[in-house]
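# Structural features, examined
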Amino acid sequence: MFSIGRGSNKTLAIIGDSLTADRNWLVSDGATPNQTYPVLIAKLRGFGSWINAGIPGNTAAQMDARFDADILAHQPNHVGIMAFTNDQTTNCSGSYPSITWTGAGTSVASTKASIKAMVQRAQARGAGVTIMSPPPQRYEPYLSHTSAYLTALSEIASETGCQYMDIYSRVNGLTTAQQNALYISTDQLGHWSYAGHAYARDMAAEAGNAACFLPL
């Protein structure tokens, strides 16, 4: 789940939840461990070392609580943050396919505060920062309660000057067949297949995201 690749030159460190974590199920999808998007983007951008600090189930507040030890302690040159899916989960009850939005969990304001705090601490250490929206969880009520989280990420980027790569909006605009190709077919929780991780790398390679994940 938590993996590190050591090499020369600069370090990319990315924190997140199960959508980031190095999961065994990628192997059944024809990939090998360490083929998650943090590794793929690190190779794309020429980082010599990488940290994948994804832990399944983490909320933004839980990431913030371990950020110094799991990210900043490695003195990264650039930090990536993908969060808010499990913050949404705290506002839901039931299980797939019968999920109800209660709104009783973590507020969007609290989620924003946790992500912004991580961004600012990384910047204070001299690291570049890219925040990412997670890919859509392809069932209700998540799809109809996401716009406020996306607005919060945009606000963080504007308020701190960090980079923002909006994966959610891009994937949500694809056809159903195109989306299905990015997810593990047997997983109702909406986790990425290797193709999904590669999609994030390919987004980072686009001209519009040229400032994201740069090795300062």
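### What to know about the overall build of the protein chain
- Tallying secondary structure elements over the protein chain gives nine helices and eight strands in all.
- The buried share among the 216 residues of the protein chain stands at 52%.
- The contacts in the protein chain between residues at least 6 apart in sequence include a share of 77% that link residues at least 24 apart.

### So, the pattern of salt bridges
- Considering all chains together, one arrives at eight salt bridges under this definition.
- Across the pair Asp68 and Arg121 runs a salt bridge whose closest N-O atoms are separated by 2.9 Å. Of this pair, Asp68 sits in helix 3 (residues 60-70) while Arg121 is found in helix 5 (residues 108-124), placing the two residues 53 residues apart along the sequence.
- For Asp68, a relative accessible area of 37% corresponds to the partly exposed category.
- Several salt bridges share partner residues, and in doing so they unite Lys112, Lys116, Glu155 and Glu159 into one network.

### Focus on the nonpolar core
- Ranked by internal contacts, the top residues of the largest apolar core, which has 28 residues, are Ile15, Phe67, Ile71, Ile81, Ile115, Val119 and Ile131.
- For this core, the secondary-structure elements that each account for two or more residues are strand 2 (11-16), strand 3 (49-54), helix 3, strand 4 (78-82), helix 5, strand 7 (128-133) and helix 6 (147-160).
- Residue contributions to this core peak at five residues, all from helix 6.
- Residues in contact with Phe67, not counting those within four places in the same chain, are Ile15, Leu72, Val79, Met118, Arg121 and Ala122.
- Among the nonpolar cores identified, the runner-up in size contains 24 residues, and Ala42, Trp50, Tyr199 and Ala200 belong to it.

### Quick look at empty space enclosed by the protein
- Across all of its chains, the model carries one cavity of 30 Å³ or more by this definition.
- Tallied by class, residues from the lining of the largest cavity come to six nonpolar, four polar and no charged.

### Things to note about the environment of Ser18
- As for its position among the elements, Ser18 is in the loop between strand 2 and helix 1 (25-28).
- By relative accessible area, which is 12% here, Ser18 ends up buried.
- On a C-alpha basis, the gap between Ser18 and Trp192 in space is 9.3 Å, while along the polypeptide they are 174 residues apart.
- Here His191 takes part through its side chain, which lies 2.6 Å from a polar atom of the side chain of Ser18.

### Re unusual backbone geometry
- Phi is positive for Phe84, close to 130 degrees, though the residue is something other than glycine.
- You can see Phe84 is positioned in the loop between strand 4 and helix 4 (85-89).
- In the Ramachandran plot, Phe213 falls in the positive-phi region, its phi being about 60 degrees despite a non-glycine side chain.
- For Phe213, a relative accessible area of 0% corresponds to the buried category.

### Concerning the environment of Pro56
- Tracing the chain through its elements places Pro56 in the loop between strand 3 and helix 3.
- Accessibility expressed as a relative area gives 27% for Pro56, which makes it partly exposed.
- As a C-alpha pair, Pro56 and Asp17 span 39 residues in sequence and 4.5 Å in three-dimensional space.

### Describing the packing of aromatic side chains
- Overall, the coordinates contain two aromatic pairs when judged by the stated rule.
- Geometrically, the ring pair formed by Tyr37 and Trp192 is edge-to-face, given 5.9 Å between the ring centres and 85 degrees between the ring planes. Residue Tyr37 is found in helix 2 (residues 37-45), and its partner Trp192 is found in the loop between helix 8 (176-180) and helix 9 (194-204); the two are separated by 155 residues along the sequence. By the burial criterion, Tyr37 is buried, and Trp192 matches it.

### A short note on the pairing of strand 8 (residues 163-166)
- As defined by bridge partners, strand 7 adjoins strand 8 across four bridges and the pair is classed as parallel. Directly across from Ile131, in strand 8, lies its bridge partner Tyr164.
- Regarding topology, helix 6 serves as the crossover connection from strand 7 to the parallel strand 8, and that connection is right-handed.

### A word on the side chain of Thr130
- Position of Thr130 among the secondary structure elements: in strand 7.
- For Thr130, a relative accessible area of 0% puts it in the buried group.
- There is a polar contact of 3.0 Å between the side chain of Thr130 and the backbone nitrogen of Phe213.
- Contacts of Thr130, omitting those with residues within four sequence positions, involve His78, Val79, Gly80, Ile81, Gln163, Met165, Cys212 and Phe213.

Thresholds applied
Residues numbered from 1 in each chain as written. Predicted model: local features only at pLDDT ≥ 70, side-chain atom pairs only at ≥ 80, totals over all residues. Heavy atoms only, no water. Helix = DSSP H or I, 4+ residues; strand = E, 2+ residues; numbered from the N terminus. Buried < 20%, exposed > 50% of the residue type's maximum accessible area, 1.4 Å probe, protein only. Contact = heavy atoms within 4.5 Å. Salt bridge = Lys/Arg side-chain N within 4 Å of Asp/Glu carboxyl O. Core = buried A, V, L, I, M, F, W, Y, C linked by side-chain atoms within 4.5 Å. 1 Å grid on protein atoms, 1.4 Å probe; cavity = no way out; pocket = protein on both sides within 12 Å on 5 of 7 lines; lining within 4 Å. Points joined across faces, edges and corners; volume = space filled by probe spheres on them. Nonpolar A, V, L, I, M, F, W, Y, C, P; charged D, E, K, R; others polar. Polar contact = N/O pair within 3.5 Å; in protein donor to acceptor, adjacent residues only side chain to side chain. Phe/Tyr/Trp six-rings, centres within 6.5 Å; stacked < 30°, edge-to-face > 60°. Pairing = 2+ DSSP bridges. Right-handed = clockwise from strand over helix to strand, strands pointing away.

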